[in-house]
Amino acid sequence: AGAAAEKQYEIQSAIIIAKKFPRNEEACFQALMKAAMRPTFAEDAAYSFPRGGQEVTGPSVNLAREGARIWGNIRHGLAIVREDEETRQIKGWAWDMQTNTMVTAEDNFKKLIERMGKGWIKPDERDMRELMNRRGAICVRNAILQLLPPDIIEDAVRAAKETQRKSA
């Protein structure tokens with residue numbers, strides 16, 4: 001009961017602070033554009049991988065987390081929803097305390113990893129943690145990106161690509 005009351009107080013306090021100190025959207029946009037001008041950040045602002053003869057691209061978890069940090073009044077995280085011997089279900093979440101909008105993204109996956117020459121095998125503890133972190137990062141990224149204005153994220157990806165082009 002004490003832990004639940006403490007958590008409730010923490011959430012109520014965050015909402016009150018968010019309402020008392022609302023974000024300045026223009027300043028947030030400028031700060032994200034400035035971040036996209038840093039070459040090391042720009043390198044990690046988007047992901048890209050081949051699939052089915054095409055290139056799949058999009059804003060990375062690094063861009064989403066930086067966007068959430070700059071946008072402010074956002075909390076995000078990851079939780080294990082269900083787990084058995086064979087599978088794990090996780091939920092990434094993001095909560096805009098200012099607008100009281102919460103978004104979740106879930107993933108259910110088998111506890112297997114692919115090894116060259118061995119096929120799909122059960123992971124050891126380290127590999128399982130890496131699998132969880134990788135799958136969880138995607139869920140958290142997707143939740144955060146649903147909260148942030150899409151045009152700001154698109155502009156940040158474009159600015160990061162331009163920074164990479166200039167750095168090359």
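Scoring rules and cut-offs
- Residues numbered from 1 in each chain as written.
- Predicted model: local features only at pLDDT ≥ 70, side-chain atom pairs only at ≥ 80, totals over all residues.
- Heavy atoms only, no water.
- Phe/Tyr/Trp six-rings, centres within 6.5 Å; stacked < 30°, edge-to-face > 60°.
- Core = buried A, V, L, I, M, F, W, Y, C linked by side-chain atoms within 4.5 Å.
- Buried < 20%, exposed > 50% of the residue type's maximum accessible area, 1.4 Å probe, protein only.
- Helix = DSSP H or I, 4+ residues; strand = E, 2+ residues; numbered from the N terminus.
- Contact = heavy atoms within 4.5 Å.
- 1 Å grid on protein atoms, 1.4 Å probe; cavity = no way out; pocket = protein on both sides within 12 Å on 5 of 7 lines; lining within 4 Å.
- Points joined across faces, edges and corners; volume = space filled by probe spheres on them.
- Nonpolar A, V, L, I, M, F, W, Y, C, P; charged D, E, K, R; others polar.
- Pairing = 2+ DSSP bridges.
- Polar contact = N/O pair within 3.5 Å; in protein donor to acceptor, adjacent residues only side chain to side chain.

Q: Would you mind showing me how to read the packing of aromatic side chains here?
A: For any pair of aromatic rings, the description rests on two quantities: the centre-to-centre distance and the angle between the ring planes. Applying the stated criterion across every chain, the model contains 1 aromatic pair. When the ring of tyrosine 47 is compared with that of phenylalanine 49, the centres are 6.0 Å apart and the planes differ by 20°; the resulting orientation is stacked.

Q: Just checking my understanding: could you explain the nonpolar core for this structure?
A: Side chains of a nonpolar character, in soluble globular proteins, are inclined to be buried together. Judged by nonpolar contacts, the single largest core of 28 residues is most densely connected at Leu32, Leu63 and Ile144. If you list the elements that add at least two residues to this core, you get helix 2 (25–36), helix 3 (39–43), helix 4 (61–71), helix 5 (125–147) and helix 6 (150–167). Counting 8 residues, the second largest nonpolar core, distinct from the first, contains Ala105, Ile113, Met128 and Met132.

Q: What should I look at first to understand the environment of alanine 79 in this one?
A: Relative to the helices and strands, alanine 79 is located in strand 3 (residues 74–83). The exposure class assigned to alanine 79 is partly exposed, which follows from its relative accessible area of 30%. Setting aside residues up to four positions removed in sequence, alanine 79 forms contacts with Gln89, Ile90 and Lys91.

Q: Could you clarify how one ought to interpret empty space enclosed by the protein in this entry?
A: Sizing a probe to match a water molecule and rolling it over the atoms shows the empty space that remains. For the structure shown, the criterion picks out 1 cavity of 30 Å³ or more. What lines the largest cavity is Cys28, Phe29, Leu32, Gly67, Ile70, Trp71, Leu148, Pro149, Ile152 and Ile153. Here the lining of the largest cavity is composed, by residue class, of 9 nonpolar, 1 polar and no charged.

Q: Sorry if this is basic, but what is going on with the pairing of strand 3 here?
A: Looking along a regular strand, one sees the side chains alternate between the two faces of the sheet. Where strand 3 meets strand 4 (residues 87–96), 9 bridges bridge the pair, whose relative direction is antiparallel. Each bridged residue has a counterpart across the sheet, and for isoleucine 74 the counterpart in strand 4 is aspartate 96. Here strand 3 hands over to strand 4 after 3 residues, the two strands then running antiparallel side by side.

Q: Would you take a moment to explain unusual backbone geometry for this structure?
A: Backbone phi values are negative for most residues with the exception of glycine, while trans is the configuration of most peptide bonds. Backbone geometry at asparagine 73 places phi at a positive 55°, although glycine is not the residue there. For asparagine 73, the position within the fold is in the loop between helix 4 and strand 3. Under the relative-accessibility criterion, asparagine 73 is labelled partly exposed at 22%. Positive phi outside glycine occurs at asparagine 100, with the angle close to 55°. In this fold, asparagine 100 is placed in the loop between strand 4 and strand 5 (101–110). You can call asparagine 100 exposed: its relative accessible area is 51%.

Q: How should I be thinking about the layout of surface pockets in this particular structure?
A: Computed from the structure, the largest pocket encloses a volume of approximately 300 Å³. Lining the largest pocket we find Tyr47, Phe49, Arg51, Val61, Arg134, Ala137, Ile138 and Arg141. Mapped onto the lining of the largest pocket, the elements with two or more residues apiece are strand 1 (46–51) and helix 5. Its residues assigned to classes, the lining of the largest pocket shows 5 nonpolar, no polar and 3 charged.

Q: How do you make sense of the pairing of strand 4 when you look at a structure like this?
A: Among the 10 residues in strand 4, 8 count as buried, and that is most of the element. Bridge analysis of strand 4 against strand 5 gives 10 bridges, and the strand direction is antiparallel. Pairing of lysine 91 across the sheet is with glutamate 106, part of strand 5. Between strand 4 and strand 5, which pair antiparallel and follow one another directly, the connecting turn spans 4 residues, one of which, asparagine 100, has a positive phi of 55°.

Q: Is there a simple way to explain helix 4 in this structure?
A: Since the α-helix advances by 3.6 residues per turn, residues separated by three or four positions end up pointing in the same direction. Helix 4 sits mainly inside the fold: 8 of its 11 residues count as buried. All of the buried residues along helix 4 are Val61, Leu63, Ala64, Glu66, Gly67, Ala68, Ile70 and Trp71. The residue sitting at the N-terminus of helix 4 and contributing the capping side-chain oxygen is serine 60; that oxygen lies 3.2 Å from the backbone nitrogen of asparagine 62. Positive phi appears at glycine 72, one or two residues downstream of helix 4, with a value of about 75°.

Nothing here speaks to function; it is geometry throughout.
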